[in-house]
Every structure is written in structure tokens, then in C-alpha cells.
Amino acid sequence: MRGWLGRGWAALRIAGDRSDLWPAGALGWLVFVGWLPLLLVVAPPDAEGIEAFGVSMYLSQSFPLNVALLAAAAVAGFAALCLLAAAAEVAIEQSADPAAAHPAAGRVTLSAFAIVLVAAVPVVAAAGLVMGGVLAVAPAEYLSADLATPILLRIVARLLPQLGVLLVVLLLMQTLGGTALRTAFTRPGRPATATLAAAFRAVIARPLRPLGVAIAGLLMDGATVAISLALLRVLWSPIGTGLGDGLRSRPETI
């Protein structure tokens, strides 16, 4: 435990002292989960707006082509986020010790991209399970006579099993992906499949250490999201009032 705490404090000191690592770190955080507080504060999802969008997609003359194009755009956007996350990881790793010899950044980034993509797909599948549960229970909760409990809490209470599955899958993929990325950085040039296989064997052989690192990382991410959400609400409140109603979802708001 002391070793983990010591390495954690060392990482915090490096992050505070090395301002050259901040852009890559900010990019990695933004594409991972840093977008969530911004979305929830600046443009929170509106159930009626989502319903109207779905109806307009269905009634459009280009249906179902528009749905196929939207799905393709979503897949392309997801792949782009994975590529940016991989590039940020490589930039942090190679900038941490500029004097050391590093392999070509492009080659390592492609290997890291494959690892991030493989680790992210099960998480997306688990998130899809949660979204399917939301679509199944939200209409009944929306029409429920229980007005004392907020609708969001009622939906979360009914989706605890799906949320538990999502959390477990996220933790396992963070553990596997982090170990594979570390292996790719220390042993460049290996195929991504071999790197993932080696990481899987390493996690199975000694699971506690990488699992503990992943748990600590997720706890830190959750705390950072909560703090960012609280601060953004305070900062955005006067800005949103000054912009007026209806501008939060328009491009000029950014």
C-alpha cells in the first residue's frame, strides 16, 4: 500500500511540475470522460428533444439511409476518439523522458490505437445494455405516479444490475488495456494481438497489482468528474443566463 501511495504522489508531483505534459493529458482526459461534465452542464439531454429527433429521422424522406449514415458517423467518431486517446498516451509516455530513445511515434500510436479500440468495444457493448434498459424502463417511470422521487433516481434504481455489469466490464478493460499499453511501450514493434495476449497472461498471473491501479484510476476519474461538474455548474450559471434560453444547444454557444 505504501508503494502505491508513493508512486501516486510521485505521479501527482510530475503532473504538477511538468507543464509540457498538460496538453497531452488534457486531450486524453477529454476524449475519455472529460466531455461528460461539459455535456451535462452546457447541453443537458432533453427527453422531448431526443424524441422529436427520433421522430424526424423516421419521418424523413431519406429514411433509413439517414439512420445508416448517422450510425456510420457514430462509428467513425468513436474510432477517432480512440485514435486521439492512443496518441495522447504515446505523447505522455515519450515526453516523460525526452532524453531516452523512443521508437517512431506513428508506429507505436497505431499499436496503441488497436489496443484502445479492442479494450473499448466491450465497454461500449455494456453501455448499450444500459441504454437498452433505459429505453425499456423510462416510459413507465415517466408516467409513474411517484412524484416524490426524481425520475433519474428511479431509473437508476431499476438499472442497478446493468450498471454493475458496465462497471465491472469497464474495470476489467481498464486493467487489460493499461497493462497492454505498458507492454507496447516497453516492447515496441510487437503486433497488437501479441501484446494483448501477453497482457492477458500477465493479468491472469498477477491480477491484484494492475486491478488495484485500475480501481484507483477509476476512483480518481469519478472524483474529477464530480468536481468538474460542480465547478462548471457554478461557472456556467451566469453565462447561460446571459446567453438566454434556447442558445445552449446552438453552435454559437461554443
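Residues numbered from 1 in each chain as written. Predicted model: local features only at pLDDT ≥ 70, side-chain atom pairs only at ≥ 80, totals over all residues. Heavy atoms only, no water.

(A) Focus on the overall build of the chain. Tallying secondary structure elements over the chain gives nine helices and zero strands in all. Taken from N to C terminus, the helices and strands of the chain fall in the order α-α-α-α-α-α-α-α-α. In the chain, the share of contacts with a sequence separation of at least 24, taken over all contacts with a separation of at least 6, comes to 68%. When the accessible area of the chain is evaluated, it comes to approximately 16600 Å², of which 73% is carbon and sulfur surface. (Helix = DSSP H or I, 4+ residues; strand = E, 2+ residues; numbered from the N terminus. Contact = heavy atoms within 4.5 Å. Areas by Shrake-Rupley, 256 points an atom, 1.4 Å probe, with all protein chains shown as cover.)

(B) Region of interest: the side chain of threonine 109. Looking at where threonine 109 falls in the secondary structure, it is placed in helix 5 (residues 105-142). Given a relative accessible area of 13%, threonine 109 falls into the buried group. Once you skip the residues sitting within four places of it in the chain, threonine 109 turns out to touch Leu83, Ala86, Ala87 and Val90. (Buried < 20%, exposed > 50% of the residue type's maximum accessible area, 1.4 Å probe, protein only.)

(C) Representation of the nonpolar core in the model. Judged by nonpolar contacts, the single largest core of 22 residues is most densely connected at Ile115, Val116, Met173 and Leu181. Counting residues per element, the ones that place at least two in this core are helix 4 (65-96), helix 5, helix 7 (160-186) and helix 8 (192-205). Take this core: its biggest share by element is eight residues, from helix 5. For methionine 173, the contacting residues outside a window of four places in its chain are Ala119, Pro122, Val123 and Gly178. (Core = buried A, V, L, I, M, F, W, Y, C linked by side-chain atoms within 4.5 Å.)

(D) How the structure looks around the side chain of threonine 179. Positionally, threonine 179 belongs in helix 7. Classification of threonine 179 by relative accessible area gives buried; the value is 16%. The residues touching threonine 179, leaving out its near neighbours within four places in the chain, are Ala199, Ala202, Val203 and Pro210.

(E) Main features of a nonpolar patch on the surface. A cluster of nonpolar side chains, contributed by Val55, Tyr58, Leu59, Phe63 and Val67, occupies part of the molecular surface with about 510 Å² of accessible area. Per-element tally for the nonpolar patch: the top contributor is helix 3 (residues 47-59), with three residues. Residue position: leucine 59 is located in helix 3. (Patch = residues over 30% accessible without salt bridge, like charges linked within 9 Å, V, L, I, M, F, W, Y side chains within 5 Å. Salt bridge = Lys/Arg side-chain N within 4 Å of Asp/Glu carboxyl O.)

(F) The environment of leucine 110, seen in detail. Looking at the element boundaries, leucine 110 is found in helix 5. Distance in space between the C-alpha atoms of leucine 110 and valine 90 is 9.9 Å, their sequence separation being 20 residues.

(G) Quick peek at helix 8. Compared with the 20 Å implied by 1.5 Å per residue over 14 residues, the 20 Å span of helix 8 between its first and last C-alpha is a close match. Listing the buried residues of helix 8 in full gives Ala192, Thr195, Leu196, Ala198, Ala199 and Val203. Across the axial projection of helix 8, the buried residues extend over an arc of 165 degrees, all falling on one side. Projecting away from the buried face of helix 8 at angles above 90 degrees are the exposed residues Thr193, Arg201, Ile204 and Ala205. (Expected span 1.5 Å × (residues − 1). Arc of directions from axis to C-beta.)

(H) Geometry of the packing of helix 7 against helix 8. Running from amino to carboxyl end, helix 7 crosses helix 8 at an angle of 120 degrees, the nearest separation of the two axes being 8 Å. It follows that helix 7 is oblique to helix 8 by the angle criterion. For helix 7 against helix 8, the interelement crossing comes out right-handed. Between helix 7, through Thr175, Leu176, Thr179, Ala180, Thr183 and Ala184, and helix 8, the contact on the second element is made entirely by Thr195, Leu196, Ala199, Phe200, Ala202 and Val203. Within the contact of helix 7 with helix 8, the residues separate by chemical class into eight nonpolar, four polar and no charged. (Axes fitted to C-alpha atoms, helices over the stretch in contact; angles between N-to-C directions. Parallel < 35°, antiparallel > 145°, perpendicular 65-115°, else oblique. Left-handed = near helix turned anticlockwise from the far one by under 90°. Nonpolar A, V, L, I, M, F, W, Y, C, P; charged D, E, K, R; others polar.)

(I) Geometry of helix 7. In this model, helix 7 (27 residues) spans 39 Å end to end at C-alpha, consistent with the 39 Å of a helix rising 1.5 Å per residue. Looking only at helix 7, the buried set comprises Val169, Leu171, Met173, Thr175, Leu176, Gly177, Thr179, Ala180, Leu181, Thr183, Ala184 and Phe185.

Any link to function would need more than the numbers given here.
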